[in-house]
Each structure stands twice: as C-alpha cells, then as structure tokens.
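Residues per chain are reported as follows:
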Amino acid sequence: MGITPPPVAAATRQRLPPFGPATAVCLLLGALAAVRLPELPPAWLWFGLLLAGVAAWVGGRGALRALGALLFGAGWLLCAAQQGMQARLPVELAGQDLRIEGRVLGLPERGERQQRFLFEIESGEGEAASLAGRRLRLSWFDPAPTVAPGQRWALELRLRRPRGTQNPGGYDFERRALEQRIAATGYVRRALQPEPLAAAGGLDAWRERQSQALADAVPAPGARFVRALALGDTRGLEARDWEVLRATGLTHLLAISGYHIGVVAGFAALLAGLFYRAWPGLGLRLPRPQGAALLALAGALGYAAAAGFTLPVLRALLMVAVALSARLLRRANSTAQSLALALLALLLADPLALLAPGFWLSFLGVAWLLWCLPRGDAAPAWRVLLTAQGVAAIGLLPLTVWFFGQASVLGPLVNLVGIPLISLAVVPLSLLALAGGALGLPGADLAGRLGAWIMDLSWPWLERIADLDGALVWLPEPDALALLLALLGGFWLLLPRGVPGRALGLLLFLPLLLPARERLAPGGFELQVLDVGQGLAVLVRTADHALLYDAGPAFPGGLDAGEAMVAPALRALGVTRLDALVISHGDNDHAGGAESVRRAFPPARAFAPNGWQPERHRTCEAGLAWDWDGVRFAVLHPTPHFPYLGNDSSCVLRIEGAHGSALLPGDIGEVVERRLLRDARAALDADWLVVAHHGSRSSSSPDFIEAVTPRAALVSAGHDNRFGHPHPEVIERLRARGIQALDTGALGAIRVVLDGSGQVAWRRQSQRRLWHEPLR
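So, a few notes on the structure that sits alongside this text. (Residues numbered from 1 in each chain as written. Predicted model: local features only at pLDDT ≥ 70, side-chain atom pairs only at ≥ 80, totals over all residues. Heavy atoms only, no water.)

Digging into the packing of helix α12 (residues 288-306) against helix α13 (residues 311-328)
So, step 1. Contact geometry of α12 with α13 gives a least axis separation of 9 Å together with a crossing angle of 170°. In terms of their interaxial angle, α12 and α13 are classed as roughly antiparallel. Seen from α12, the contacting residues are Pro289, Gln290, Ala293, Leu294, Ala296, Leu297, Ala300, Leu301 and Ala304; seen from α13, they are Val313, Leu317, Val320, Ala321, Leu324, Arg327 and Leu328.
So, step 2. Within the contact of α12 with α13, the residues separate by chemical class into 14 nonpolar, one polar and one charged. (Axes fitted to C-alpha atoms, helices over the stretch in contact; angles between N-to-C directions. Helix = DSSP H or I, 4+ residues; strand = E, 2+ residues; numbered from the N terminus. Parallel < 35°, antiparallel > 145°, perpendicular 65-115°, else oblique. Contact = heavy atoms within 4.5 Å. Nonpolar A, V, L, I, M, F, W, Y, C, P; charged D, E, K, R; others polar.)

Comments concerning the layout of surface pockets
Leftover empty space is mapped by rolling, across the atoms, a probe with the size of a water molecule.
So, step 1. Space inside the second largest pocket adds up to approximately 540 Å³.
So, step 2. Considering the residues around the second largest pocket, the lining is formed by 19 residues, among which Val264, Gly299, Leu431, Leu432 and Ala435 are closest to the centre.
So, step 3. Looking at the lining of the second largest pocket, the elements with two or more residues in it are α10 (258-278), α12 and α17 (411-439).
So, step 4. Top contributing element to the lining of the second largest pocket by residue count: α17, with eight residues.
So, step 5. Within the lining of the second largest pocket, the residues separate by chemical class into 17 nonpolar, two polar and no charged. (1 Å grid on protein atoms, 1.4 Å probe; cavity = no way out; pocket = protein on both sides within 12 Å on 5 of 7 lines; lining within 4 Å. Points joined across faces, edges and corners; volume = space filled by probe spheres on them.)

Quick notes on the environment of Gly365
So, step 1. Structurally, the position occupied by Gly365 is in helix α15 (residues 357-372).
So, step 2. Overall, Gly365 belongs to the buried group, its relative accessible area being 12%.
So, step 3. Residues Gly365 and Leu203, spaced 162 residues apart in sequence, show a C-alpha to C-alpha distance of 31 Å.
So, step 4. With sequence-adjacent residues up to four places away left out, Gly365 is seen in contact with Trp360 and Leu396. (Buried < 20%, exposed > 50% of the residue type's maximum accessible area, 1.4 Å probe, protein only.)

Quick word on the state of the cysteines
So, step 1. Considering all chains together, one arrives at one disulfide under this definition.
So, step 2. One disulfide in the model links Cys620 with Cys651; its S-S distance is 2.4 Å. Linking Cys620 in the loop between β13 (618-619) and β14 (625-628) with Cys651 in the loop between β15 (631-637) and β16 (652-657), this pair joins segments that are 31 residues apart in sequence.
So, step 3. The exposure class of Cys620 is buried, given its relative accessible area of 2%.
So, step 4. Judged by relative accessible area, Cys651 falls into the buried class, the value being 1%. (Disulfide = S-S within 2.5 Å.)

So, empty space enclosed by the protein
So, step 1. Taken as a whole, this structure holds three cavities of 30 Å³ or more when the rule is applied.
So, step 2. Reported here for the largest cavity is a volume of approximately 60 Å³.
So, step 3. Along the lines of polarity and charge, the residues of the lining of the largest cavity split into six nonpolar, five polar and one charged.
So, step 4. Taken together, the residues of the lining of the second largest cavity break down into four nonpolar, four polar and one charged.

Points about a nonpolar patch on the surface
So, step 1. Residues Val25, Leu29, Leu32, Leu64, Leu67 and Leu70 make up a contiguous nonpolar surface patch of roughly 460 Å² in combined accessible area.
So, step 2. Elements that contribute at least two residues to the nonpolar patch include exactly α2 (21-35) and α4 (63-86).
So, step 3. Mapping Leu67 onto the fold places it in helix α4. (Patch = residues over 30% accessible without salt bridge, like charges linked within 9 Å, V, L, I, M, F, W, Y side chains within 5 Å. Areas by Shrake-Rupley, 256 points an atom, 1.4 Å probe, with all protein chains shown as cover. Salt bridge = Lys/Arg side-chain N within 4 Å of Asp/Glu carboxyl O.)

Description of the sheet that holds strand β2 (residues 114-124)
So, step 1. Read once around its circumference, the closed barrel built from five strands follows the order β1-β2-β3-β5-β4, with strand pairing classed as mixed. Sheet twist, expressed as the mean angle between neighbouring strand axes with direction ignored, is 55°. (Pairing = 2+ DSSP bridges.)

Describing the sheet that holds strand β10 (residues 546-549)
So, step 1. In spatial order, the strands read β13-β12-β11-β10-β9-β8-β21-β22; together these eight strands make up an open sheet with mixed pairing. At either margin of the open sheet sits one strand with a lone partner, and together these are β13 and β22 (760-762).
So, step 2. Bridging between strand β12 (residues 606-608) and β13 involves two bridges; their strand directions are parallel. For Phe607, the partnering residue across the bridge sits in β13 and is Arg618.

Thoughts on α2
It helps to recall that an α-helix has 3.6 residues per turn; residues three or four apart then point in one direction.
So, step 1. A rise of 1.5 Å per residue sets the reference length of α2, with its 15 residues, at 21 Å; its end C-alpha atoms lie 21 Å apart and thus fit the reference within 8%.
So, step 2. Within the span of α2, buried status applies to Thr23, Ala24, Cys26, Leu27, Leu28, Gly30, Ala31, Ala34 and Val35.
So, step 3. Where α2 is buried, its residues meet α3 (43-59), α4, α14 (335-349) and α15. (Expected span 1.5 Å × (residues − 1).)

Interpretation in functional terms is not warranted from these geometric data alone.
Given below as structure tokens:
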C-alpha cells in the first residue's frame, strides 16, 4: 500500500516546474553571478558546475531544482565565455601581415576616408589558416574599392585582439566584442586580387539593394528613418539624430528589437483574422488560433530577415517564436510562463546575450508590464497607454542609468505620442514600401513617402524638445548596490494601490540618482589620467573645483575622444562644471577633443599657449598662478614672448597641495627640459609626474627626471601604438631610480588621490571582468 505524499509537499513540487518562471529566474541569476567574475576560472570548475547543475535541475525537486538551475546558469555562461575568449586572435599573430580569404558580412559603413565592415574568414595562408570561421571587424582606408555585402575577397590584413579604452562611464568594446563574437579588429593592408573573388550576393546584398531602392523612391529627408525601420539600416542617421532620440527617449523605436518584431507579428495575426473572415472555410483546414500564430511567426521571420538576422534580431525572433509556439501546439500558457520559456530558450541558445543592454531592457520591461498593466477588457486604451509609460519610466530607469548614465526627463510624455506614431504608422508604412518595392508593385513608393512625411513633420518638434534645458539628465556612474536598491525601489513604487508606504520607494532611488561623492578636504586633490589612446586628458579635482588638462584626439570622420571618452568620464565622475580648461598645445592628440568638451562642459576659463590660441582662450605662460581650496596651480612654461613651437610650447603645469604635488609637462622635449632645469629647477620637484610626450625617447632626460624625483610616473599612451610609446629607454631611466611607471594603455584610466590616504587605482583592475584582456 503506497503512502500518499502530504499536500504541502505535492504543492511545493508543483510550484517549481522544471521550465517555470522560478527556474528561469534561477538560471538567469546563476549566469549573472558568473558574468561578474574578474577572470575566467579553470575549465574543470565550470564543467563541474554544468554536471552538478544538470543533475540537480533534472532530478531534483523544490530548492534542489532551483539550485541546479543556478549552478547550470553559471557553468553554461562560463562555458560560452571560454569559447568566445579562446576564439580571439592568438597573441603571436597580432601585428603580423596575414593573408586570408573571406566574406563581407552585414552592411558596410562608409566614412570620409575609410570603410568599416564585418568579415568572416573562410581560409588563410600559413598560420592564418587556423583563423577560419572567425569574425573580424575591419577598416579599409582610401584609396580602396567599394566593398559590398556578400562579396568574397582575398586580403592582406594586420590584426589585433579586441581591445578598447577603459574609463569611467566609457564604452566597453571588449564586452561588446565577446557578445558579438568578434575575434579581432584590424585593417586591410592591400587586396591580393584587384577584384572580389565573388560578386555581392546573399541576404545582405539584397538588403543593400533594397535600401538604395528606398532611398531613390523616397527622396525626402525622412527616408533615413524609413530605411532604418524597414531594414535595420541606420547608416543614414547622423550624430545629431541619435542625440535627439536619446533626449526624447525614442532610441528604442529606431533599433529593431523584440518590440518591433512583436508589432509585426501582431499585424500579421490581425491580417490572418481578416483572411478567416473573408474565407470561413479556412477554419476547416487549420483552426484560426493556429493559423494566426503561423502567419504571425512568418511575419516575424520575414522582418528578421529584412533586418539581416543580426544577433539582437535573432534573439528577439527566438523570444517571439517561443511565445507563438505555445499557441501552435495548443498549450494554454500564461503570459508569465511564456516569458519564462522565452528567457530559458534565449539563455540556453546564447548565454552571452545578457551582456547586451537590450536583453535586460526587453525582459525587465515586459516583466514590469505583465505585472502592472490593468487586467481584463474593461480598462480603456488611454489608461493602458498611460500606465505602460509610467511603469516603463519607473521600472527601467535604474537600468537606463546603469547602462547609459542618462535619463530622458520628457521621454515618458514623448513616448505617449511617439510609440503609436512610429510603431503603428511609420513601421507598417516602411514595410509596405519595402515589400511593394521588392515585388515591383505600382505605387509602393507612396507608402514610403507617407512614412517619411510623418517623420519629417514630427522631427522639428522632437528637436525642439531635445534642445530644452534638462530634457536629458546625465548621472554619475552608479555601483551595483545602488542599482539593486533602485530596482527594489521601483518594485515598491509599483506595488498595487492601497499598499501603505509606497512613496517610500522613492528613497531607494537616491543612491542611484544622487550618489555620495568622495569629497576631498581642503588642501587635497586628485588626478584622473584618462585612457584616451594615443593622446592625453587629465582631470584635476580639488574640494570644490575641477580642471581639465588636454582633451584627447579627434579624427575627421572618425573617433572624437572628447565626445566619446572625456565628456562621458566627466559625467560619470559627477563633474557638473569645469572651472578651467588647459590645452597644453595645438597638436591633435591633445587638442582634438577640446571642442566637444567645450560643448558639453563650457569652462569658466580656458588657457592655451600664445601662437596657438582658440577664441576665448587666455594665454598660458610662466608666472600664471592661482589657488583653489588650498591647492596651488602654477604654470612654469612657456615664458612670455616664447614663440609657438608645437610640442616645445606646451603649457607645463605644476600642482601642489598639502599632501603632495604633481607635474604635467605636456609634450616638451629635452631642449625645454634643459631650459626649465636652468630657470626653474627648484619648482620641478613633484611627487607624481605625467611623463612628457607619452614616454617618447626625445623627452624625460635623466637630468630632468633627477630634478623632478617623482615617487611614481604616469604615462598616457595607446596600447601597442605605432610610435612604440612609452619607449623602453624612458621606462628603464625611471626604474633605475626606483620610480614605478603606470601606463594607461596597459591599465586603463589611472586615479591618484593626494589627500594623505595614498589611494592609487587603475580601471582595468578595479572594474575588471572576464571578457577583458589580461593585465600586462
């Protein structure tokens, strides 16, 4: 006679099915814990996690099953990360000329002097043969033939492992490279054949042709949005467009994601309903719910193909397909169960998806909406729309600040109009123009013209909103605890009406929105030598003032360090104003980013050497000095009437506080160093030296180093730069005197606090993650 299990135990087993919401959350938490590791653990560890996780997940019950999903999630992510990191370019092949054959992926981007594109290696000569199947991100500088999607080329390349700069608030390219499975970056040295081995072909070539056809058929400026929404071709959008979209909170509507694919699937389901009404006999062959789900899946698949089956689009398609499969299989799943199945499917198919901000914004946004939206058919449409915007604004604010360091104040209100206007009008019109043009239907361009007209009509209003003071708020870089507290605060605020004390949830947002700044005492100051590649940008802060010394490089039609690195770092560090901007001299690697910095942080005062002096800059010359919060700033060079000689006219700035001093000599060479040794030797002594000219052999003479006698030296140079900076002779001179040299190219941004605490930290150590290149 069997024993009947207690009702409570049976209920416990039912509450934790193997593929339910709780299991999906445990799988996600395990993967999230693994992705926070600073290094990849040994293979035996993640393999053990996988085995233990599978055993507990499949064979366990209750808490044991939850633990199994947790362990499996961690092991599965580490397994994928290990494979991704091992696929990167072998160190011994970096910097060599490699001969390979391969195929152009996606839609190439064409700049002023170069083309950028993804490239998949099919074969190679010699050691390069081992790279077959790997994906590269390449640049081909002019003069060069026009690269088209799907072409096969035989090329000679010079590659390097994926590596980006590391700054507060900066873009983490190494994280993106792992998520996108990019094995190396590099440039084309030359084509081994004057023509491609195979002409443009395949899906991406079709997308390129359709994009051009749309541009020709829709001559209005708004055609760039039609191409972006129909084909995922955002190459026509300029920096100003993205700036307006960020400020108005509409960026998500111009990036093809799960939301867009869901909208297309919904339209396809409505179209299926019309078919069944027009031909009732269809229901005898295929029931209407399954027919609608099948057509919705076909619509989603077609839209994903038009967008190029990129990784984000494939993930979105998988989510929609899982949700529709329940209807096709006649399974009565709740919305929560459908979301859980989509999460499980996505993490099992691609655990590295959680490295993408879109993953978190999509899933958390849907989860908030499922929990908070009014139930039943009685709720009017206006209430549902208002509730959805309120929920999205509160629930997604923590993630928006975490990933992007910003918040659109007017975004929720703009989205009330933008979502129906773009999603329910411009997207369908864009797709009608695409489909009609591809099929050669007459009048197809009218749909595209109408979509472009809607965007052209609304865009000036969006620009006015974006230009309002305070439309976009930049926030300091938060820590993980502030993010968790803000998410908890969002949950608290979104509790059902009637729950007492809901407004107290606002308090949990304070660490995220108003983080405590480590305030310096009078007499103390800190240096932040930012990682701007082959250039220089140093932030100096006292108790109540901030000075920026140089602003990094900027290249025509390319990277602007002032916009991409320096300004985001200042915002992330909580700088709200610049009290002074000092441009040491006019070389691009020091002054190139200055204009972008001035737009983002108009300085109260600006200084530059005589002979190279932009408008509204005062002369930077010896004798200039001032005091801030007990810290002395003094310019030692150039002297009055000194001619402008480029590097040798650099403003040499000495900073002295109660707990130490620092010397910033710009790019001066040995001639000026000897001049300073003669005229201002006593003023050269400093505890910290920013090494002149990025560690060039023509600077940092032995006598100059002996006069400065720093405790440590800071070098700002690009990783593996073509100049060989810092030069080994300079490093040896410093080491011979017991002076440690810290290099931004190897360590990322370096922070030194001179307040008696002796704090020294570098970004690649303090914010290290498993996708980062090894510390050197």
